[in-house]
Amino acid sequence: SERGPPGREARCRAESDMQAGGGGGFFPRGRPRSADTVRLRKRKSALYSAAPGAGGERGPDLIGENIYLVLFTITLRVLNCFLVQTSFVPDEYWQSLEVAHHMVFNYGYLTWEWAEGLRGYSYPLLFATIYRVLQLLAKDDVQLLIWIPRLVQAVLSALADVKLYSLVRHLENAETAKWVYLCQLCSWFTWYCCTRTLTNTMETVLTIFALFYYPLEGSKTRSSCKYLTLVALAFIIRPTAVIPWIPLVLWHFWQEQKKVDLVLYSYIPVGLVTLGISLIIDRVFFGEWILVQLKFLKFNVLQNLGTFYGSHPWHWYLTQGLPVILGTHLPFFIHGCIQAPKRYRIFLVVVVWTVLVYSTLSHKEFRFIYPVLPFCMVFCGYSLKQLKTWKKSAITFLLLSNLLPALYTGLIHQRGSLDVMLHMQQLCNNSSNQSWASVFVMMPCHSTPLYSHVHCPLPMRFLQCPPDLTGNESYLDEADIFYSNPFKWLNEEFYNGTLPTHLVFFSVLEQEISSFLALNGYEKTATVFHTHMPQGRIGSHIYIYTRRVK
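Please read these numbers as outputs of a predicted model, since none were measured by experiment. (Residues numbered from 1 in each chain as written. Predicted model: local features only at pLDDT ≥ 70, side-chain atom pairs only at ≥ 80, totals over all residues. Heavy atoms only, no water.)

A.B. asks: So what exactly am I meant to see when it comes to the side chain of Thr-274 here?
C.D. replies: Along the polypeptide, Thr-274 turns up in helix α14 (residues 259-286). A polar side-chain atom of Thr-274 sits 2.7 Å from the main-chain carbonyl oxygen of Val-270. Contact partners of Thr-274, with chain neighbours within four places excluded, come to Thr-229, Ala-232 and Ile-236. (Helix = DSSP H or I, 4+ residues; strand = E, 2+ residues; numbered from the N terminus. Polar contact = N/O pair within 3.5 Å; in protein donor to acceptor, adjacent residues only side chain to side chain. Contact = heavy atoms within 4.5 Å.)

A.B. asks: Explain helix α9 (residues 174-185) to me, please; I cannot follow it from the model alone.
C.D. replies: Think of an α-helix as 3.6 residues a turn; residues three or four steps apart then line up on the same face. Relative to the 16 Å expected for 12 residues at 1.5 Å per residue, α9 spans 16 Å between its end C-alpha atoms, a close match to the ideal helical length. Of all 12 residues in α9, 9 are buried, a share of seventy percent or more. Among all positions of α9, only Ala-174, Thr-176, Ala-177, Trp-179, Val-180, Tyr-181, Cys-183, Gln-184 and Leu-185 are buried. Its buried side turned inward, α9 meets α3 (67-82), α8 (142-171), α10 (188-193), α11 (199-213), α19 (373-386) and α20 (391-411). Between the side-chain oxygen of the N-cap and the backbone nitrogen of Glu-175 there are 3.1 Å, and the N-cap of α9 in question is Asn-173. (Expected span 1.5 Å × (residues − 1). Buried < 20%, exposed > 50% of the residue type's maximum accessible area, 1.4 Å probe, protein only.)

A.B. asks: What is the right way to look at the sheet that holds strand β4 (residues 460-462) in this model?
C.D. replies: Picture the strands of a sheet paired through backbone hydrogen bonds; they go either parallel or antiparallel. Pairing within the open sheet is mixed, and its 5 strands lie in the order β4-β3-β5-β7-β6. Two strands in the sheet have a free side with no partner beyond their single neighbour: β4 and β6 (522-529). Neighbour-to-neighbour, the strand axes of the sheet open up by a mean angle of 20°, direction not taken into account. Pairing geometry for β6 and strand β7 (residues 541-547), over 7 bridges, is antiparallel. Residue pairing across strands places Val-528 opposite Ile-542, the latter belonging to β7. (Pairing = 2+ DSSP bridges. Axes fitted to C-alpha atoms, helices over the stretch in contact; angles between N-to-C directions.)

A.B. asks: Would you take a moment to explain the UniProt feature "transmembrane region" (unreviewed entry) in the protein chain for this structure?
C.D. replies: In the numbering adopted here, UniProt assigns the feature "transmembrane region" (unreviewed entry) to residues 227-250, 262-281, 314-334, 346-362, 368-384 and 396-413. Helix makes up 83% of residues 227-250 and strand 0%, whereas the separation of the span's terminal C-alpha atoms amounts to 14 Å. For residues 346-362, the end-to-end C-alpha separation is 26 Å, with 82% helix and 0% strand making up the annotated structure. (UniProt positions renumbered as here; feature names shortened; annotations may be inferred.)

A.B. asks: Sorry, what's going on with the side chain of Gln-293 here?
C.D. replies: Along the polypeptide, Gln-293 turns up in helix α15 (residues 292-302). A distance of 3.3 Å separates a polar atom in the side chain of Gln-293 from the backbone oxygen of Ile-236. Every residue in contact with Gln-293, bar those within four places of it in the chain, is listed here: Phe-235, Ile-236, Pro-239, Leu-275 and Ser-278.

A.B. asks: I'm lost on the pattern of salt bridges in this one. Help?
C.D. replies: Any two side chains of opposite charge can pair, given that their charged atoms come close. In the structure shown here, the tally under the stated rule is 15 salt bridges. As a salt-bridge pair, Arg-77 and Asp-161 come within 2.7 Å of each other at their nearest N and O atoms. On the criterion of sequence distance, the pair formed by Arg-77 in helix α3 and Asp-161 in helix α8 is long-range, its members being 84 residues apart. Of the two residues, Arg-77 and Asp-161, neither departs from the other in class, the shared state being buried. For the salt bridge of Arg-238 with Glu-203, the shortest nitrogen-to-oxygen distance reads 4.0 Å. (Salt bridge = Lys/Arg side-chain N within 4 Å of Asp/Glu carboxyl O.)

A.B. asks: Help me understand the state of the cysteines, please; the structure alone is not making it clear to me.
C.D. replies: Simply put, the disulfide is a covalent bond whose two ends are the sulfur atoms of two cysteines. According to the stated counting rule, one finds 2 disulfides in the structure shown. Between the sulfur atoms of Cys-428 and its disulfide partner Cys-456 the distance amounts to 1.8 Å. Residues Cys-428 and Cys-456 are joined through a disulfide that is left-handed, its torsion about the S-S bond being -40°. With Cys-428 in helix α21 (residues 416-429) and Cys-456 in the loop between β3 (439-442) and β4, this pair connects stretches of sequence that are 28 residues apart. Both residues of the pair, Cys-428 and Cys-456, count as buried. A sulfur-sulfur distance of 1.7 Å marks the disulfide that ties Cys-445 to Cys-465. (Disulfide = S-S within 2.5 Å.)

A.B. asks: I'm lost on the nonpolar core in this one. Help?
C.D. replies: Across soluble globular proteins, nonpolar side chains have a tendency to be buried as a group. Within the largest apolar cluster, 125 residues are counted, with the highest numbers of intra-cluster contacts made by Phe-189, Phe-347, Met-424, Met-460 and Val-504. If near-sequence neighbours (up to four positions away) are discounted, Phe-347 is found in contact with Leu-211, Leu-216, Phe-375, Val-378 and Phe-379. Core analysis: the next-biggest nonpolar cluster, separate from the first, contains 19 residues, Met-442, Leu-463, Leu-503 and Leu-509 among them. (Core = buried A, V, L, I, M, F, W, Y, C linked by side-chain atoms within 4.5 Å.)

A.B. asks: Can you help me understand the packing of α9 against α20 in this one?
C.D. replies: Angle between the axes and distance between the axes: these two values describe a pair of packed helices. One way to put it is that α9 packs onto α20 with a least axis distance of 11 Å and a crossing angle of 30°. Looking at the two axes, α9 sits roughly parallel to α20. Residues Glu-175, Trp-179, Leu-182 and Cys-183 of α9 pack against Lys-391, Ile-395, Leu-398 and Leu-399 of α20. The class makeup of the residues in the contact of α9 with α20 is 6 nonpolar, no polar and 2 charged. (Parallel < 35°, antiparallel > 145°, perpendicular 65-115°, else oblique. Nonpolar A, V, L, I, M, F, W, Y, C, P; charged D, E, K, R; others polar.)

A.B. asks: Please explain the confidence of the model for the protein chain as it appears in this structure.
C.D. replies: Detailed reading of predicted coordinates is not advised where the pLDDT is low. Mean pLDDT over the protein chain works out to 88, with 88% of the residues at or above the 70 mark. Within the protein chain, the element-level pLDDT minimum falls on helix α2 (residues 35-48), averaging 42, and the maximum on α10, averaging 98. Here residues 1-57 scores under 50 on pLDDT; set against residues more than four positions off or in separate chains, the count is 26 contacts. (pLDDT = per-residue confidence, 0-100.)

Shown next, in the form of structure tokens:
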């Protein structure tokens, strides 16, 4: 990296030869230019105009890549954003948009994690900034509050897709990069997640950007400071983001000759600056000094209290988690692991390490291993490149087999949680409704977003489900108590209290509380489809019951 362009030595030799043969002048005296001199000039020109496949003439650039590729990717991810109209997990609202809404508009609801200091404000601050700008421009319409944060996340994911292409192009060639890029774009799980306002999504984006600067063997874009900064940002947003990077950072340290310089001039400065910024941000919004990353790791990893929200067997990621998020990419991933060069073994180590570490935790979710998916796509792309006779068939198979789950999960499965909020927005559109209307959501806690998707101070309540932090084994949260006997709970809760004007609940609950609804004058006013696969407390439809005004 310290040597100049490869043509420098050739030019210096040519100039010295001309000076020696021409009596010390720049051009030789009394003799014509030799053919060798002309050939050297041609060679020099060829050196500075690289072949298109090696990153030469590719048209105008944007963020270091062909502008048309960048614009195409952004356009695709924007389309992706609008074709994902379903709910995945509560955290995509309750740990981002709901917090941002509370930060800017000073009303809303913060979950128990924020009272305990388990979450940091760094990620919600991104959306709070957007909300603040909209507020200053008097454009804080509820639809803009919903869609602009998701569009921003979509654009960031698109830039990450381009960086993944650029990484492989620099490591290998444009041909291999093309197949990795194709695998990334047609992954159904990436399509499903990459435009959602989840910390896991931002973690994945930052992981790809950090990989671009990681000093992998043969990398032409290596920068220890840049990749470590991006890893540190991912850690601040979601502390478990450090798990995939443990083998990569250790491998870098092992390969680095100037280990002391790496620690003194990269590890320590980057760690102190990013952690300091996180501390200041959280100090501003919590009102006290608090290290949320330590509390997060203590709760989720050391104490393993995430089991309160469900547990799975140790092999779940191996038998269900990873195969499901890979989908039909799985055989190409296995083939690519066999065919890929040895220098990519570190990527396979990252995938295996991350899956094994998460397997030791009882509470498991598909999204937790989403950040390893780009590593898998490198192997899938390499597999496609190695195929000879069945390449077109393989591509067609990948595209069609991922299209169906992408569209179904994005447009149909679990869409009721968002569609029902449209009915709540109608209560806000009429100012007279706000004065008397109130909503009680009788669904598993955090089944729907709240004020970020309503944007008016409408009285709203939902069933609470904070975990017990005192070690009480017989503890039951409000939602569990409610579902143990819904009719009894409702009669006791509203015995002397004011009944809400609107009740929202899943269809599976209707029969159990039908007597309460009839006695108190409630009528079904809306039915919203939710899923074809009802399970437990989650029904196929969501019902809205409105109390008759006497």
